[in-house]
Amino acid sequence: MNKRIAIIGASQGIGAALVAHFAAISNVEVFAFSRNLDKMLMQFTQKNVHSFALDISSNVKNQIHSLGLKPSFDILINNAGLLINKPFEALSQEDFQESYQVNVIGVMQTTQAFLPLLSSNAHIVNISSMGGFQGSLKFPGLAAYSTSKAALCAFTELFAEEYKNTDLRMNCLCLGAVQTQMLSAAFPGFTAPTTAEHMAEFIADFSMHAGAFMNGKIIPVSTSNP
Ligand SMILES: NC(=O)c1ccc[n+]([C@@H]2O[C@H](COP(=O)([O-])OP(=O)(O)OC[C@H]3O[C@@H](n4cnc5c(N)ncnc54)[C@H](OP(=O)(O)O)[C@@H]3O)[C@@H](O)[C@H]2O)c1
């Protein structure tokens, strides 16, 4: 049977690279979600890719229910993210709310909506950041972003505990810098050591195989220390 894979935040960057990677594998059906449906339809012309408009910044569960998706999904990758880079004192109520809604609450609500659509041994992979990994090097300007990514790590542990008597698995990858539009917009002029395509290869492989071996794990994906 075909493996069915849902990727949230799929119109560009790492998410788009994930769609392209999975679409090239036989017996895989890819379901791509993000706000910009036209951008996905233009990029993903493969027969095994299905694109859907989804904005995880509000009313997430209703939006997903109204898509009429059929069970069952083997992999859910919560990749959508929002990075606001501003001095701490300049961060507004809206900045905090948007960051937490997209990076934490939206991910939890997406997961809730997908629960009845998942196969019994599905693997959910949350894409966090090294900035949200305890003890890592921190960067000024990322208080809203990195704290929200740390919350996503905590959610991963909490979900794994709550569902430990099932075969569902959830793990969290804390990525180091990857060359994408998000990175270029936040840190103009900085060149990351990793491309979106290269990172997507790793995430795809992890999402297909690691669920059998780990649950509730927060994994730093970076060559730099601390
Ligand atoms: N690049 C890095 O260096 C780096 C490092 C650590 C962690 N990460 C994490 O990796 C993930 C992917 O990052 P990226 O660098 O590929 O970012 P990106 O280029 O900005 O892409 C983000 C994706 O998320 C989607 N998205 C954003 N807000 C959304 C919303 N409200 N609802 C649905 N989809 C939404 C965007 O699509 P639409 O605009 O079409 O909605 C886009 O497809 C993020 O979670 C990010 O925090 C990235």
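Below, the structure is looked at part by part. From a predicted model like this one, the values you see are computed outputs, not experimental measurements. (Residues numbered from 1 in each chain as written. Predicted model: local features only at pLDDT ≥ 70, side-chain atom pairs only at ≥ 80, totals over all residues. Heavy atoms only, no water.)

## Section: the packing of aromatic side chains
Defined as follows: Any Phe, Tyr or Trp ring, taking Trp's six-membered ring, that has another such ring centre within 6.5 Å forms a pair; planes under 30 degrees apart are called stacked, those over 60 apart edge-to-face, and the others tilted. Secondary structure elements are taken from DSSP: a helix is a run of H or I of four residues or more, a strand is a run of E of two residues or more, and numbering for both begins at the N terminus. Only protein chains enter the accessibility calculation, which uses a 1.4 Å probe. A residue is then buried if its area is under 20% of the maximum for its type, exposed if over 50%, and partly exposed in between. Should the NZ of a Lys or the CZ of an Arg lie within 6 Å of a ring centre and within 35 degrees of the ring normal, that charge is described as sitting over the ring.
The full count for this structure, using the stated rule, is 9 aromatic pairs. Between Phe31 and Phe52, the aromatic rings sit 6.2 Å apart at their centres with planes inclined by 10°, giving stacked as the arrangement. Of this pair, Phe31 sits in strand S2 (residues 28–34) while Phe52 sits in strand S3 (residues 49–53), placing them 21 residues apart in sequence. For the residue pair Phe31 and Phe52, the accessibility class agrees, reading buried in each case. Relative to Tyr163, the ring of Phe159 has its centre 4.3 Å away and its plane inclined at 20°; by these criteria the two rings are stacked. Its relative accessible area of 24% is what places Tyr163 among the partly exposed residues. Through a chain of ring-to-ring contacts, three or more aromatic side chains come together here, namely Phe31, Phe33, Phe52, Phe73 and Phe114. The ring of Phe73 is capped by Arg4, whose NZ or CZ atom sits 4.6 Å from the centre of that ring.

## Notes on the pattern of salt bridges
Filter applied, for reference: A pairing counts as a salt bridge when a side-chain nitrogen of Lys or Arg comes within 4 Å of a carboxyl oxygen of Asp or Glu.
One pass over the full model with this rule turns up 3 salt bridges. Ionic pairing is found between Arg4 and Glu29, a salt bridge with its closest N-O pair at 4.0 Å. Placement of the pair is Arg4 in strand S1 (residues 3–8) and Glu29 in strand S2, with a sequence separation of 25 residues. Across the pair Lys164 and Glu161 runs a salt bridge, and its minimum N-O distance is 2.8 Å. Overall, the relative accessible area of 47% leaves Lys164 in the partly exposed class. Relative accessible area serves as the criterion here: at 48%, Glu161 is assigned to the partly exposed category.

## Focus: the side chain of Ser207
Here Ser207 lies in helix H7 (residues 196–209). In this structure Ser207 comes out as buried when scored by relative accessible area, which is 2%.

## Details of the nonpolar core
Which entries qualify depends on this criterion: Note on terminology: a nonpolar core comprises buried Ala, Val, Leu, Ile, Met, Phe, Trp, Tyr and Cys residues joined through side-chain atoms within 4.5 Å. For this analysis, residues touch if any pair of their heavy atoms sits within 4.5 Å.
By size, the foremost hydrophobic cluster in this structure holds 32 residues, and its most contacted members are Ile7, Leu18, Phe22, Ile77, Leu173 and Ile203. For this core, the secondary structure elements donating two or more residues are S1, helix H1 (13–23), S2, strand S4 (73–78), strand S5 (118–129), strand S6 (169–175), H7 and strand S7 (218–221). Ranked by residue count, the leading element in this core is H1, at 7 residues. Setting aside residues up to four positions removed in sequence, Ile7 forms contacts with Gly15, Leu18, Val19, Phe22, Val30, Phe31, Ala32, Phe33 and Ile77. Phe73, Ala113, Phe114 and Leu118 belong to the second-largest nonpolar core, a separate cluster that totals 26 residues.

## Let's talk about the site of the ligand
For the record, the criterion: The nearness test applies per residue and asks whether one of its heavy atoms lies within 4 Å of the molecule or strand. Identification of polar contacts relies on pairs of N or O atoms within 3.5 Å, with a donor-acceptor requirement for protein atoms, meaning one able to donate a hydrogen and the other able to accept it, and with residues adjacent in sequence counted only if both atoms are side-chain atoms. Here the open area of atoms and residues is found with the Shrake-Rupley method and a 1.4 Å probe, where only the protein chains shown may cover a residue. We call Asp, Glu, Lys and Arg charged. Ala, Val, Leu, Ile, Met, Phe, Trp, Tyr, Cys and Pro are nonpolar, and the rest, Gly among them, are polar.
Close contacts around the ligand come from 30 residues, with Arg35, Asn79, Tyr145, Val178 and Thr180 the closest. Here an oxygen atom of the ligand and a side-chain polar atom of Lys149 are 2.9 Å apart. Contacts to the ligand include Val178, whose backbone N or O atom sits 2.7 Å from an oxygen atom. About the coverage of the ligand: the protein hides 93% of its 880 Å² of free accessible area. Of all the elements in the fold, those that place two or more residues in the shell around the ligand are H1, S5, helix H5 (143–162) and helix H6 (181–186). Of the residues that constitute the shell around the ligand, the class distribution is 13 nonpolar, 14 polar and 3 charged.

## Points about unusual backbone geometry
For the peptide bond that leads from Pro71 to Ser72, omega is -5°, which places it in the cis range. On the secondary structure map, Ser72 appears in the loop between helix H3 (60–66) and S4. One non-glycine residue, Asn27, lies in the positive phi region at around 65°. Tracing the backbone through its elements, the reader meets Asn27 in the loop between H1 and S2. Residue classification places Asn27 among the exposed positions, given a relative accessible area of 54%. The phi torsion at Asn59 lies on the positive side, around 50°, for a residue other than glycine. Mapped onto the fold, Asn59 is located in the loop between S3 and H3.

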